[in-house]
Amino acid sequence: MKIEVKNLSKKYHDNFALDNVSFTLDEPKIYGLLGRNGAGKTTFMDILSGQILASKGEILINGKNPFDNQQLTESICLIKEGYNFKKDLKVKNVLKIYSFFYPNWDQELADSLIKEYNLNLNSKIKTLSKGMESALGITVGLASKAPITIFDEPYIGLDAPSRKKFYEMMLEEYQVEKRTIIFSTHLIDEVSLLFEEVLILQEGSLVLQEDSEVLRENTIAVSGKEDKVELFLKGKEVLQKKQFAGTVTAYVYGTKEEAKMHGLNVEGVPIQELMIYLTEGKKGA
Amino acid sequence: MKNSLDENKPIFLQIKEQIEDSIIDGSIKPGERVPSTNEFAAYYKINPATAAKGINELVAEEIVFKRRGVGMFVTEDAKDILIEKRKEIFYENYMFPLKNEAKKLRIKESELIEMVKREDDTNEN
């Protein structure tokens with residue numbers, strides 16, 4: 001499904017949670033939606049899933065607005081970091097409700113995840129631990145097989161082996177059938193290899209949308225003597241620069257080959273670090 | 001094959017290089033199957049599109065070929081092609097940094113040549 005975000009703004013009182021954001025997600029891919037707290041990620045996902053209205057602009061899914069549109073909402077599954085389910089329901093009730101709502105619901109997958117995460121079908125949601133509740137969210141999200149599945153920090157309280165299992169299952173499902181998965185998390189280093197495309201929001205604006213392999217290829221950390229580094233940096237967008245023991249290190253968009261020709265030491269920059277430098281820099285500005 | 005990938009480098013390049021290394025050192029022979037996109041994706045927990053990009057480049061360079069519905073296989077000439085290709089970048093990848101470091105340490109050309117000629121216990125072929 002094609003998602004078009006057009007001049008999207010959301011204002012809460014005097015603050016813009018989203019400020020004139022535009023981008024397009026063309027194909028079913030695994031998208032990483034990154035940004036610091038308060039960057040506008042959750043607001044975006046709430047509008048996308050038709051749960052709240054934009055103040056200005058719009059999101060179109062295959063040309064249609066998702067708000068109050070049953071046909072579209074059954075194609076979208078949003079799993080948040082908590083409070084996904086009513087407290088008094090039992091696990092089995094939750095599964096039943098979602099299985100009615102989502103036309104592509106995969107009961108077999110749901111069963112196997114319930115077993116994997118040791119969830120008791122007869123437990124009430126309010127008796128579940130944070131981790132268990134997250135596990136149920138993940139189960140529902142994956143088993144929904146919704147063409148647009150959105151995970152917003154879906155694993156509060158979930159331990160590392162359970163998160164690993166989640167990544168494996170998500171990848172497996174994605175391989176069987178491609179769908180748009182929008183994944184927002186602060187544990188970037190754990191999942192960045194799963195992203196095909198990365199979007200970074202900062203203070204309500206989109207600061208980056210790029211293929212993750214292009215990022216790995218074109219964001220570099222160069223270091224060397226100050227004059228050499230400065231020469232290389234001329235005309236380039238510098239994300240961050242630091243100096244230590246007579247050596248300057250700069251994080252910059254460029255290629256390794258070019259930096260080597262300048263006689264500089266060069267390393268790649270992982271997506272996690274890129275996100276930090278991009279959003280730190282902007283804040284100070 | 002390596003056990004993990006380096007996040008600082010394009011992943012498709014690392015997938016490509018790993019297959020290349022396996023062909024050069026003979027662990028995958030001409031006519032043998034190389035792991036599929038999905039197998040790479042599952043093993044390294046990477047996006048399948050990324051793995052596919054690495055493998056597709058090898059197809060374009062005639063290192064592997066596709067048999068529809070069966071998988072990817074190493075071509076007869078793969079090893080020769082790869083050795084030629086690696087020779088071409090040998091200077092850039094190994095000699096260039098070597099000379100740079102030598103210069104920094106003020107190692108003379110004659111000393112450098114001496115070192116190249118030196119017989120090492122560890123490098124007997």
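Residues numbered from 1 in each chain as written. Chains lettered and ligands numbered in written order. Predicted model: local features only at pLDDT ≥ 70, side-chain atom pairs only at ≥ 80, totals over all residues.

## Structural notes on the sheet that holds strand β1 (residues 3-12) of chain A
Residues and elements named next belong to chain A. For clarity, the threshold we go by: Only when DSSP finds a minimum of two bridges between them are two strands counted as paired. The helix count covers DSSP runs of H or I at least four residues long, the strand count covers runs of E at least two residues long, and both are numbered beginning at the N terminus. Axes here refer to lines fitted to C-alpha atoms; in helices the fit is confined to the stretch in contact. Angles between the N-to-C directions go from 0 to 180 degrees. Here, residues touch in the contact sense if the C-beta positions derived from the backbone fall within 7 Å of one another.
The strand order across the open sheet formed by 3 strands is β2-β1-β4, and the pairing between neighbours is antiparallel. Looking along the sheet, the strands with just one partner apiece sit at the ends: β2 (15-25) and β4 (56-61). When strand polarity is set aside, the average angle formed by the axes of neighbouring strands in this sheet is 20°. Alignment of β1 against β4, held across 5 bridges, turns out to be antiparallel. Across the sheet, residue S9 finds its bridge partner in β4, namely K56. Running over the sheet, helix α1 (residues 41-48) touches β1, β2 and β4 and is turned about 120° from β1.

## Side note on the interface of chain A and chain B
With 17 residues of chain A at the interface, the matching set in chain B holds 18 residues. Considering each element in turn, the side of chain A that touches chain B owes the most residues, 4 residues, to helix α6 (residues 160-176) of chain A.

## Let's talk about the environment of E237 of chain A
All names here are of chain A. Selection rule: Our exposure labels follow a C-beta count within 10 Å of each residue's own C-beta, placed from the backbone: buried means 20 or more other C-beta atoms, exposed means 12 or fewer, and partly exposed covers the counts in between.
Considering the arrangement of structural elements, one finds E237 in the loop between α9 (226-233) and β11 (238-244). According to the C-beta neighbour criterion, E237 is exposed, with 9 such atoms within 10 Å. Residues E237 and Y253, 16 residues apart in the sequence, show an inter-C-alpha distance of 6.3 Å. Setting aside anything within four residues of it in sequence, one finds E237 in contact with V252 and Y253.

## Some thoughts on helix α1 (residues 11-24) of chain B
Side chains three or four residues apart in an α-helix point the same way, a direct result of the helix having 3.6 residues per turn. Convention followed: Given the number of residues in a helix, its expected span is that number minus one, multiplied by 1.5 Å.
Between its first and last C-alpha, α1 of chain B extends 20 Å over 14 residues, near the 20 Å set by a 1.5 Å rise per residue. By the burial criterion, the buried members of α1 of chain B are I11, F12, Q14, I15, K16, I19, E20 and I23 of chain B. Against α8 (212-218) of chain A together with β1 (33-34), α2 (37-44), α3 (48-60), β3 (71-74) and α4 (78-104) of chain B lie the buried residues of α1 of chain B.

## A look at the pairing of β3 of chain B
Residues and elements named next belong to chain B. Sheet topology places β1 next to β3; 2 bridges connect them, and they run antiparallel. Across the sheet, the residue bridging to R33 is F73, located in β3. Pairing analysis gives 4 bridges linking strand β2 (residues 64-67) to β3, with the strands arranged antiparallel. Each residue of the ladder has a partner; that of K66, found in β3, is M72. Hairpin connection of β2 to β3: 3 residues between the antiparallel strands, including G69 at a positive phi of 80°.

## A word on the sheet that holds strand β13 (residues 265-268) of chain A
Residue and element names in this part refer to chain A. Reading across from one edge, β11-β12-β10-β13 is the order of the 4 strands in this open sheet, with antiparallel pairing throughout. Unpaired on one side and paired on the other, β11 and β13 mark the two borders of the sheet. For this sheet, the mean angle separating the axes of adjacent strands, direction not counted, is 20°. Relative to β13, strand β10 (residues 219-224) runs antiparallel, the two being bridged by 4 bridges. From the neighbouring strand, S223 faces β13, where its bridge partner is N265.

## Here we look at the pairing of β11 of chain A
All names here are of chain A. Where β11 meets strand β12 (residues 247-253), 6 bridges bridge the pair, whose relative direction is antiparallel. Each bridged residue has a counterpart across the sheet, and for Q240 the counterpart in β12 is Y251. In this antiparallel pair of consecutive strands, β11 and β12, the connection spans 2 residues, and A245 shows a positive phi of 50°.

## Some details on the domain arrangement of chain B
All names here are of chain B. Here is the rule we go by: Start and end points for every domain follow an automatic or database-based domain assignment. Polar here means any residue outside two lists: the nonpolar Ala, Val, Leu, Ile, Met, Phe, Trp, Tyr, Cys and Pro, and the charged Asp, Glu, Lys and Arg; Gly therefore counts as polar.
Taken domain by domain, chain B holds domain 1 (11-78) and domain 2 (79-119). When each unit is reduced to the centre of its C-alpha atoms, the spacing between domain 1 and domain 2 is 29 Å. Tallying contributions element by element places α1 first for the side of domain 1 that touches domain 2, with 3 residues. Here the residues of the side of domain 1 that touches domain 2 are counted per class, giving 4 nonpolar, no polar and 4 charged.

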